[in-house]
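One-letter residues, chain by chain:
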Amino acid sequence: MYPKHPLFNKCLTCLESLPNFQATIQDEPYISGKFLADGKLIIQTDHATINYVCEIKTGLNHDLVESVIEYFVNLGQRLPENQRPLLITQGLSSLIVEQFIASNLEFIDVDGSIYLNSPELYVVVRRPVTKNKDYTSLDITVATLQVMYILLKYPQLMLVTDNFEDTIANLANITTKTVKNSLKKLEKLGYIRQQKKRYEIIDYLRLMERWELGYNETLRAKLLLGNFSSVDKKNFSDLAIELQKNAQEFNYLIGGELAASILINYLRPLGATLHLKDDSNLIKIALKMKLKPDQEGTIFFLKCFDNDRENLDNFAHPLLIHAELLWTGNSRLKETAQLLYNQYIKEVAEK
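## Overview of the nonpolar core
Consideration 1: By size, the foremost hydrophobic cluster in this structure holds 73 residues, and its most contacted members are Leu151, Trp211, Leu243, Tyr252, Leu274 and Ile299.
Consideration 2: Among residues more than four places away in sequence, those in contact with Ile299 are Gly226, Asn227, Phe228, Phe236, Leu239, Leu243, Ala272, Leu274 and Leu291.
Consideration 3: Membership of the second largest hydrophobic core comes to 27 residues, among which are Cys14, Ile88, Ile108 and Leu116.

Written out as structure tokens, the structure reads:
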């Protein structure tokens, strides 16, 4: 059985390229009484079996190195003796690779670098990434992510043959030609297939997970307008009331923790993501609610990236809320994301 997460699939490919290695992913997500992780990896060699508890974290830069190292040290202290923490990631720079190795943080970068250091197993692989032309042409671009989002949001569109590409182009705010190219790419990558002039999603959850990966790695950074916090250091619980109250007037969609807390009544939010439509005015919103730019702020302003205006009570679509919750890598928010999935996405995913 193949893993659900695309990075786990690539991780297995990396490991099984090594001599006398067998690897399997179990329990996505992996839940114990003390923590929630992305999965469990079992590596078998001729001489040993090693159990890893895996966390997927991408988009790592030099500013995050120390916090990531600290996170995995703390995770290792909470695990039983027969389990080890493992970082699954991609695109690490050579400098970060050396920093992780020096700190004895075990990791698998699916682009090629591997560091495993247990009593039973020691592996160090440093491999530069090279892409050929065909591989590059199948990269998931921002435009492809926009098409994927519309397909996930409205899978029923795929039942329509007339003006299918035009409808997606209008909703995704891109050209019809770009939509056609993206559909061909997704078909080659095995996410959709064409039957009798119609496309259909092969595995909704697999497509969703690949979209979320791309959203958090690429698309979100392009949409981000800035982080903000309260000028007068107001409690977020008080600020949350204002954010919800002013959504209609200032024409933004509420997402992130705040939206999740309202929709499923499970979470005490510490932040919010506000998706601004084309006619929204960030400066007016900030002045009205006395917000200031702050790199450590927990109120995120993002641009809306589609033309769809069908939203429930000024909330972002559950797909966007789910992706934002997973972006943090926070265990508390992962649990919330699972509840949100069960309530708002699961039924569509399993049709």
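## Focus: the pairing of strand 12 (residues 224–230)
Side chains on a regular strand alternate between the two faces of the sheet.
Consideration 1: The buried count for strand 12 comes to five of seven residues, which makes it a mostly enclosed element.
Consideration 2: Taken together, the three bridges between strand 12 and strand 15 (residues 291–293) define a ladder with antiparallel strand orientation. Residue pairing across strands places Ser229 opposite Lys292, the latter belonging to strand 15.

## Thoughts on the environment of Tyr252
Consideration 1: Along the polypeptide, Tyr252 turns up in strand 13 (residues 252–255).
Consideration 2: Residues Tyr252 and Leu302 lie 50 residues apart in sequence; the distance between their C-alpha atoms is 9.6 Å.
Consideration 3: Discounting residues that sit within four places of it in the chain, Tyr252 has contacts with Glu242, Leu243, Asn246, Ala247, Leu274, His275, Leu276, Ser280, Ile285, Met289 and Asn314.

## Quick look at helix 5 (residues 142–153)
Consideration 1: If you check helix 5, its first and last C-alpha atoms are 17 Å apart, about what twelve residues at 1.5 Å a residue would give, namely 16 Å.
Consideration 2: The inward-facing, buried residues of helix 5 contact helix 6 (164–172), helix 7 (176–188), strand 10 (192–195), strand 11 (198–201), helix 8 (204–223) and helix 13 (318–327).

## Things to note about the sheet that holds strand 16 (residues 299–303)
Consideration 1: Pairing in this open sheet of five strands is mixed, and the strands run 13-14-16-12-15 from one edge to the other. Two strands in the sheet have a free side with no partner beyond their single neighbour: strand 13 and strand 15. Along the sheet, successive strands turn relative to each other by an average axial angle of 30 degrees, direction set aside.
Consideration 2: Contacts between helix 11 (residues 256–264) and the sheet are confined to strand 13 and strand 14 (272–276), with strand 13 contributing the most and set at about 75 degrees to the helix.

## Here we look at the state of the cysteines
Consideration 1: Scanning the model with the defined rule gives zero disulfides in all.
Consideration 2: Sulfur of Cys14: no disulfide; nearest cysteine sulfur belongs to Cys11 and is 6.7 Å away.
Consideration 3: Note on Cys14: relative accessible area 9%, which makes it buried.

## Describing the sheet that holds strand 7 (residues 107–109)
Consideration 1: Across the sheet, which stays open at both edges, the seven strands sit in the order 1-4-5-6-7-8-9 with mixed pairing between neighbours. Among the strands making up the open sheet, the edge pair consists of strand 1 (22–26) and strand 9 (121–125). Sheet twist, expressed as the mean angle between neighbouring strand axes with direction ignored, is 25 degrees.
Consideration 2: Relative to strand 9, strand 8 (residues 114–118) runs antiparallel, the two sharing five bridges. What sits directly across from Asn117, in strand 9, is Tyr122.

## Structural notes on the side chain of Thr273
Consideration 1: With respect to the helices, strands and loops of the structure, Thr273 is situated in strand 14.
Consideration 2: Classification of Thr273 as buried rests on a relative accessible area of 2%.
Consideration 3: Only 3.1 Å separates the side chain of Thr273 from the side chain of Glu324, close enough to count as a polar contact.
Consideration 4: Not counting residues up to four positions away in its chain, the partners in contact with Thr273 are Leu253, Ile254, Gly255, Gly256, Phe300, Leu302 and Glu324.

The rules behind the values
Residues numbered from 1 in each chain as written. Predicted model: local features only at pLDDT ≥ 70, side-chain atom pairs only at ≥ 80, totals over all residues. Heavy atoms only, no water. Core = buried A, V, L, I, M, F, W, Y, C linked by side-chain atoms within 4.5 Å. Buried < 20%, exposed > 50% of the residue type's maximum accessible area, 1.4 Å probe, protein only. Contact = heavy atoms within 4.5 Å. Helix = DSSP H or I, 4+ residues; strand = E, 2+ residues; numbered from the N terminus. Pairing = 2+ DSSP bridges. Expected span 1.5 Å × (residues − 1). Axes fitted to C-alpha atoms, helices over the stretch in contact; angles between N-to-C directions. Disulfide = S-S within 2.5 Å. Polar contact = N/O pair within 3.5 Å; in protein donor to acceptor, adjacent residues only side chain to side chain.

Purely geometric numbers; function is a separate question.
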